[in-house]
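Inside the fold
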Amino acid sequence: MILAGLVVLVVVAAIKTFTLPAEAGPGELSRYTADTWRSFIIGGLSEGAVLALIALGYSLVYGILRMINFAHGEVFMMGAFASYFVADRFSDNDFLSSSPAIAMIVILAVAIGVSVLVAILLERVCYRPLRNAPRLVPLITAIGASLFLQNTARGFFGPQARGYPQPDFLDGSWNLLSFDIARIDLVMIVVSIVLVAILDYFVSSTRTGRSMRAVALDADIAKLMGIDVDRVIVTTFAIGGVLAGVAGVMFAMRFEQISFTTGFRPGIAAFTAAVLGGIGSIRGAALGALLVGLLRSLGPALLVGFNIPSVFQLEDAITFLVLVFVLLYRPGGLLGSAAAEKL
Amino acid sequence: MIKLQRPWILGLGAASLVALGLSIIHLLNKEKAGFWPFLAILAIAGLAGATLTAQRAGEPVLIVNEGSRAHRTWQTAGWGIFAFFVVATPYLLDSFRVQQVNKSMYFAVAVLGVNLIIGYSGLISLGHGAFMGVGAFLSVILVEDYGFKLWQTLFVIIPLAFVIGLIVGIPALRIKGLYLALVTFALSYAFPTLLKIEGIDKRTGGDLGRNISLDKQVQPGRLKGLLGLNGLDAPAQEQIYKYWLMALVTGISFLLVRNIIKSRAGRAVIAIKENQIGAAVSGVPLTTYKVITFGISAVFASVGGWLYALLFSEANPNTFGPLLAISLLLALVLGGVYTLQGALVGSLLYVFLDDLRTRVTLTSVAGWRPSFFQIAEGSPLTQAVLGLVLILIAFFAPGGVVFIARKVRASLIRVIPTIPTADVVASAAVDSPMSEPEVATTH
């Protein structure tokens, strides 16, 4: 039912995109033109693309350990922040525009490296010793770690937001099927789809992926079958870190700024997405992120006609309302199994 | 029966406690630390030493029978010391410190509510910051716009918070465990934004928040003379007067929560936490109890918010965001989840730790400031410290401070409970209006 509602929402937006004249005439009911709707959709898709990468980090960890890695937003932020210093240096000495490919690889490598390091440290220090504790305890350490990392970043990098350089080749827009689409948005969407596809293949078909699924099903039996559970868990955190690192660089380049609170909002939105889609499921996280991204950009816009004051402040409220309703009817999320609710 | 072996251990423990209390009061009052931190460390070492010695002996230092004369004497002495501290605290500290004690009291009432949910019913809620906001904003708005007196607003706040708690609690029936933590966290995340929406912000004051105007604020009233306020300066008068008001509300809340969890309904809620299926099989209606617990805990949180409005005479949307929800959890964990005293002790500790954090600079702790650090030389430590404290508690004292205190007490003092005689049990079973045997015998 909810899914149907979301489909309706997207369809309405799509219809508006194609049927509305490019310029609104006088007395037009909707304030938006087709172009505006189009840009809402693309904005939603690209936000969803970044959210998907972060959401996968939450989802993988939850699938295996049955815990919320509350500090995952900070993993994302730390990677992005570390890469800022490299990117800033590259942008100062024009390396970013003279050889963008190498520069991007270095920037991504730094972001991924730091994110993976933070994720693994988190697992090693905060979660591994508490694996058998009641579920409130790891939640507490996770919240503690989140506070700690966020404010450490504030200490190291200062409280002000920094401008993140955008490479020249991502500036401007490409013309795609008569749409003008900002290059950075397209890159984000494509990179995200590719990474999700790789991850889906990895988890379903490789040896490590199979052992990840085995540990998710039953860690004790997996151990008996000769799977090194600790190593699988570390691998999971590392994969989450890689995805968060890539997401961090893309997010920072899209919005061209970064601060120590950058991890907070996307972190919560991504977690919402993971739960919405069905936590523990890769496709679920991707679908959930797509829906959350679209909801956040289209939801307020669709409400504009209904005389609700300042709808654009309501994007979080709309998202959470949808989340609550989905959880009421499908406690395991859209693509999640019913077993997911047994905690 | 009373047995006192090696009384010097008990003496050491008691002396350490007194020294600890004194050094804390001095640390709070004085800007310069002097030798008091060392005394505090010495006192903690003394307590630890006494505990360890007693533990090595394998037997508590003091053994008394419950209800015996000696036991009653010790108990009276204990309560006497407690009462002395309650009465003397506002007069010993300067007005700024009294305000902090007051702060810890509004916190404590909210944490009592959080404890009902997280500790006693096992539902993880991070949304109680929003309920506090409901209490604070309702009181400010009712006082300012509708001409209520502050105490009258309670009659609106309590039923309304209960209903809001019920509404938020209904999803809690389907949404379990960590999902509930997320949904309620989302509530406290969205709450400040909701208050700033155009239209609503006329009442809530938007980003700036609202104040209770000076003539409507709580002022020391008729009881001034009785409380010994005459002759003190204005801020001290105000804070001490508020201290007594808040202490009254906190005390009543504490007793209410204590009675709730000891009641039949409270035991049913704990049973749901321990084993949901077992409780359902034993005839506990899960739905009703869960939702009502949520409502009640929301009431306590909103009364905490009301106390906030009483203390600061203002309410700002940004105060009641996710960070408040996290600090409520931090206070609860510091004090001890699933303990009654935990809420009070934890709030007190949290408020003073947070204050200590803002007074201590990195340079004064580490002796140096890394050159790559962006924080200015004299600025306080960031909330990273609070995060660290949360992690350390989870590792080293998962039961909180109250749990440690109980352990220390158990190794020093043992109270042998009196066994109820057969006819007492029988008459209790007959007298009980709910004459189900399992109720009469288990508690």
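This structure is a prediction, so every number in the text was calculated from the model and none was measured. (Residues numbered from 1 in each chain as written. Chains lettered and ligands numbered in written order. Predicted model: local features only at pLDDT ≥ 70, side-chain atom pairs only at ≥ 80, totals over all residues. Heavy atoms only, no water.)

Quick word on the overall build of chain A
- Along chain A, the regular secondary structure elements total 13 helices and four strands.
- Restricting to contacts in chain A with at least 6 residues of sequence separation, those with at least 24 account for 73%. (Helix = DSSP H or I, 4+ residues; strand = E, 2+ residues; numbered from the N terminus. Contact = heavy atoms within 4.5 Å.)

Some points on the overall build of chain B
- When helices and strands are tallied, chain B shows 19 helices and five strands.
- Within chain B, the fraction of its 443 residues that count as buried is 47%.
- Taking the contacts inside chain B whose residues are at least 6 apart along the sequence as the reference set, 77% of them involve residues at least 24 apart.
- For chain B, the accessible surface area stands at approximately 21500 Å², while carbon and sulfur atoms represent 69% of it. (Buried < 20%, exposed > 50% of the residue type's maximum accessible area, 1.4 Å probe, protein only. Areas by Shrake-Rupley, 256 points an atom, 1.4 Å probe, with all protein chains shown as cover.)

What about the nonpolar core?
- Grouped together as the largest cluster of nonpolar side chains are 198 residues, with contacts concentrated most on Ile107 and Tyr164 of chain A together with Phe320 of chain B.
- Among the nonpolar cores identified, the runner-up in size contains 11 residues, and Val61, Ala70, Val408 and Leu412 of chain B belong to it. (Core = buried A, V, L, I, M, F, W, Y, C linked by side-chain atoms within 4.5 Å.)

Concerning the environment of Thr319 of chain B
All names here are of chain B.
- With respect to the element layout, Thr319 can be found in the loop between strand S4 (314-315) and helix H13 (322-335).
- Between the alpha carbons of Thr319 and Ala234 there is a distance of 27 Å; along the sequence they are 85 residues apart.
- Leaving out residues up to four positions away in the same chain, Thr319 has contacts with Tyr308 and Leu324.

A word on the pattern of salt bridges
Residue and element names in this part refer to chain A.
- Evaluated as defined, the whole model comprises 11 salt bridges over all chains.
- Residues Asp185 and Arg254 are paired through a salt bridge, measuring 2.7 Å at the closest nitrogen-oxygen approach. Highlighted residues: Asp185 in helix H7 (residues 183-205) and Arg254 in helix H10 (residues 229-255), separated in sequence by 69 residues.
- By relative accessible area, Arg254 is classed as partly exposed at 24%.
- Among the ionic contacts, a cluster of salt bridges with common partners joins Glu123, Arg128, Arg131 and Asp230. (Salt bridge = Lys/Arg side-chain N within 4 Å of Asp/Glu carboxyl O.)

Brief notes about the interface of chain B and chain A
- Counting from both sides, the interface comprises 43 residues of chain B and, opposite them, 52 residues of chain A.
- Carbon and sulfur atoms make up 78% of the area that chain B and chain A hide from each other, which totals about 4200 Å².
- Interface area lost by chain B to chain A is led by Leu178, Tyr179 and Tyr189 of chain B, which between them contribute 19%.
- Here chain B and chain A share zero salt bridges between them. (Buried area = accessible area lost by both parts, 1.4 Å probe.)

Considerations on a negative patch on the surface
Residue and element names in this part refer to chain A.
- Together, Asp92, Asp94, Asp168, Asp171 and Glu256 line one region of the surface with negative charge.
- Checked against the element boundaries, Asp171 lands in the loop between strand S1 (162-163) and strand S2 (173-176).
- A relative accessible area of 49% means that Asp171 is categorised as partly exposed. (Patch = residues over 30% accessible without salt bridge, like charges linked within 9 Å, V, L, I, M, F, W, Y side chains within 5 Å. Lys, Arg positive; Asp, Glu negative; His and termini not counted. Charge placed at Lys NZ, Arg CZ, Asp CG, Glu CD.)

Here we look at the confidence of the model for chain B
All names here are of chain B.
- Residue-level pLDDT values for chain B average 84, and 88% of them are 70 or greater.
- Within chain B, the lowest mean pLDDT, 41, falls on helix H19 (residues 437-442), and the highest, 94, falls on helix H5 (residues 128-146).
- The ipTM value of the predicted complex is 0.81, and its pTM value is 0.86. (pLDDT = per-residue confidence, 0-100.)

Thoughts on the packing of helix H14 (residues 340-359) of chain B against helix H16 (residues 384-396) of chain B
Residues and elements named next belong to chain B.
- Running from N to C, H14 and H16 point in directions that differ by 140°, and their axes come no closer than 10 Å. In terms of their interaxial angle, H14 and H16 are classed as oblique. Crossing geometry of H14 relative to H16 is assigned as right-handed. Contact with H14, carried on its side by Tyr350, Leu353, Asp354 and Arg357, involves Val385, Leu386 and Val389 of H16 and no other residues of that element.
- Here the contact of H14 with H16 is composed, by residue class, of five nonpolar, no polar and two charged. (Axes fitted to C-alpha atoms, helices over the stretch in contact; angles between N-to-C directions. Parallel < 35°, antiparallel > 145°, perpendicular 65-115°, else oblique. Left-handed = near helix turned anticlockwise from the far one by under 90°. Nonpolar A, V, L, I, M, F, W, Y, C, P; charged D, E, K, R; others polar.)

Quick word on the packing of aromatic side chains
- Within this structure, the stated rule accounts for 26 aromatic pairs over all chains.
- Measuring from centroid to centroid gives 4.8 Å for Phe251 of chain A and Phe255 of chain A, while their planes differ by 50°, and the two rings are tilted. Pair noted here: Phe251 of chain A and Phe255 of chain A are both in helix H10, with a separation of four residues, about one helical turn.
- The exposure class of Phe251 of chain A is buried, given its relative accessible area of 17%.
- Centre to centre, the rings of Phe107 of chain B and Tyr350 of chain B are 5.0 Å apart; their planes meet at 25°, and the pair counts as stacked. With Phe107 of chain B in helix H4 (residues 95-120) and Tyr350 of chain B in helix H14, the pair connects residues that are 243 residues apart, well separated along the chain.
- Taken together, the ring pairs connect Tyr106, Phe107, Phe137, Tyr308, Phe312, Phe320 and Tyr350 of chain B into an aromatic cluster.
- A cation over an aromatic ring shows up here: Arg254 of chain A above the ring of Phe255 of chain A, its NZ or CZ 5.0 Å from the ring centre. (Phe/Tyr/Trp six-rings, centres within 6.5 Å; stacked < 30°, edge-to-face > 60°. Lys NZ or Arg CZ within 6 Å of the ring centre and 35° of its normal.)

Concerning the environment of Val111 of chain B
All names here are of chain B.
- Structurally, Val111 is set in helix H4.
- For the pair Val111 and Val333, spaced 222 residues apart in sequence, the C-alpha separation works out to 9.9 Å.
- Excluding residues within four positions of it along the chain, Val111 makes contact with Leu328, Ala331, Leu332, Ala343 and Ser347.

A few points about the side chain of Ser297 of chain B
Residue and element names in this part refer to chain B.
- Mapped onto the elements, Ser297 comes out in helix H12 (residues 286-312).
- Judged by relative accessible area, which is 0%, Ser297 ranks as buried.
- Apart from residues no more than four positions distant in its own chain, Ser297 is found in contact with Gly113, Leu116, Ile117 and His128.

Remarks on the layout of surface pockets
- When its volume is computed, the second largest pocket comes out at roughly 970 Å³.
- In terms of lining residues, the second largest pocket is bounded by 37 residues, among which Thr261, Phe264 and Arg265 of chain A together with Tyr189 and Pro322 of chain B are the most central.
- Elements with a contribution of two residues or more to the lining of the second largest pocket: helix H2 (34-65), helix H6 (136-157), H10, strand S4 (257-258) and helix H11 (264-277) of chain A together with helix H7 (177-195) and H13 of chain B.
- In terms of residue count, H6 of chain A provides more of the lining of the second largest pocket than any other element does, six residues in total.
- Within the lining of the second largest pocket, the residues separate by chemical class into 19 nonpolar, 12 polar and six charged. (1 Å grid on protein atoms, 1.4 Å probe; cavity = no way out; pocket = protein on both sides within 12 Å on 5 of 7 lines; lining within 4 Å. Points joined across faces, edges and corners; volume = space filled by probe spheres on them.)

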